Amino acid sequence: MSVADPVFSLVALCMCLVEFTERASYYGTTGPFNNFINMPLPEGGNGAGAVAPGKVGEEQSAGALGMGSVSASAIVKMFTFLAYVIPILGGIVADSKWGRFKTICVGTAVGAIAHVILVIPAIPQVIVHPKAAVSTFIISIIILAFAAGFIKPSLGPMLCDQSPVKEPTIQVTKKGERVIIDPQATVERYLLIFYGCINLGALFAVSVS
């Protein structure tokens with residue numbers, strides 16, 4: 001008798017996709033955020049922070065606000081701090097008020113709004129007004145941190161709840177082999193795929209650096 005391969009539901013796959021996109025958004029922002037705040041607009045660029053065609057790889061770097069490394073480090077670290085602290089609030093809200101599903105849905109919607117707002121500071125007409133650009137940028141990353149904080153604490157536990165196997169059962173396959181459907185093995189497989197999606201999302205930190 002052997003342990004059967006766990007069943008992975010479509011709902012669980014969609015939840016892993018949400019985690020992948022959330023982690024890709026988070027890990028993929030560090031480099032661009034730092035450049036956007038730290039470096040000035042490159043000469044001959046598109047006005048939104050990109051280096052001019054043909055000058056990529058030269059001394060010019062992508063940038064926009066030109067506020068320096070100290071301000072860039074402070075703002076990026078603020079975003080990182082909030083993204084790791086707000087999940088405490090998100091977990092409390094999920095367990096005591098909204099439930100995990102509603103909290104994840106709210107976090108996803110808030111994240112979508114944050115990404116739309118995040119585009120505004122990069123509009124050339126906004127960048128020329130540094131105070132307006134940095135204010136809008138900070139508002140957008142605070143909202144984005146709340147989105148991560150609402151999604152992060154609920155997704156993993158809710159994913160495990162999607163397992164259709166609640167207790168060990170024995171089934172007979174078409175080949176006549178008796179197999180054990182093990183709930184622990186099923187949850188383990190779910191979490192392996194879940195954390196695999198997190199690692200794939202983290203690769204965006206490399207691709208945008």
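Note that this is a predicted model, so its numbers are computed, not measured.

## So, the overall build of the protein
Then comes step 1: Scanning the protein from N- to C-terminus turns up eight helices and three strands.
Then comes step 2: Its C-alpha atoms give the protein a radius of gyration of 22 Å, more than 25% over the compact-globule value 17 Å for 209 residues.
Then comes step 3: With respect to the three principal axes, the spread of C-alpha positions in the protein is 70 × 40 × 25 Å.
Then comes step 4: For the protein, long-range pairs separated by at least 24 residues make up 73% of all intrachain contacts whose partners lie at least 6 apart in sequence.
Then comes step 5: Measuring between centres, the 13 positive side-chain charges of the protein sit 6 Å from its 12 negative side-chain charges.

## What about helix α3 (residues 69-98)?
Then comes step 1: Residue V85 marks the point of greatest curvature in α3, where the axis turns by about 25 degrees; the proline P87 follows within four residues.
Then comes step 2: Residues A72, I75, V76, F79, L82, A83, I86, P87, G90, G91, V93 and A94 constitute the buried set of α3.
Then comes step 3: Those residues of α3 hidden inside the fold are in contact with α1 (10-27), α2 (30-38), α4 (100-119) and α6 (130-161).
Then comes step 4: Trailing α3 by a residue or two, G99 shows a phi angle of about 90 degrees, which is positive.

## Describing the side chain of T103
Then comes step 1: Tracing the chain through its elements places T103 in helix α4.
Then comes step 2: At 2.7 Å, the side chain of T103 forms a polar contact with the backbone oxygen of G99.
Then comes step 3: Setting aside residues up to four positions removed in sequence, T103 forms contacts with G90, V93, A94, W98, F150 and S154.

## Re the packing of aromatic side chains
Then comes step 1: One pass over the full model with this rule turns up 10 aromatic pairs.
Then comes step 2: For the ring pair Y26 and F79, a centre distance of 5.7 Å and an interplane angle of 35 degrees mean the geometry is tilted. Of this pair, Y26 sits in helix α1 while F79 sits in helix α3, and the two are 53 residues apart along the sequence. Comparing Y26 with F79, the two get one shared label, buried.
Then comes step 3: Seen from their ring centres, F33 and F79 are 5.7 Å apart, and the 70 degrees between their planes marks the pair as edge-to-face. Taken together, the positions of F33 in helix α2 and F79 in helix α3 put the pair 46 residues apart, joining distant regions of the chain.
Then comes step 4: Owing to a relative accessible area of 6%, F33 belongs among the buried residues under this scheme.
Then comes step 5: Following the ring pairs from residue to residue traces out a cluster consisting of Y26, Y27, F33, F36, F79, Y84 and F137.

Reading guide: rules and limits
- Residues numbered from 1 in each chain as written.
- Predicted model: local features only at pLDDT ≥ 70, side-chain atom pairs only at ≥ 80, totals over all residues.
- Heavy atoms only, no water.
- Helix = DSSP H or I, 4+ residues; strand = E, 2+ residues; numbered from the N terminus.
- Rg over C-alpha atoms; globule rule 2.2 N^0.38 Å.
- Contact = heavy atoms within 4.5 Å.
- Lys, Arg positive; Asp, Glu negative; His and termini not counted.
- Charge placed at Lys NZ, Arg CZ, Asp CG, Glu CD.
- Bend = angle between axes of the 7 residues up to and from the residue.
- Buried < 20%, exposed > 50% of the residue type's maximum accessible area, 1.4 Å probe, protein only.
- Polar contact = N/O pair within 3.5 Å; in protein donor to acceptor, adjacent residues only side chain to side chain.
- Phe/Tyr/Trp six-rings, centres within 6.5 Å; stacked < 30°, edge-to-face > 60°.

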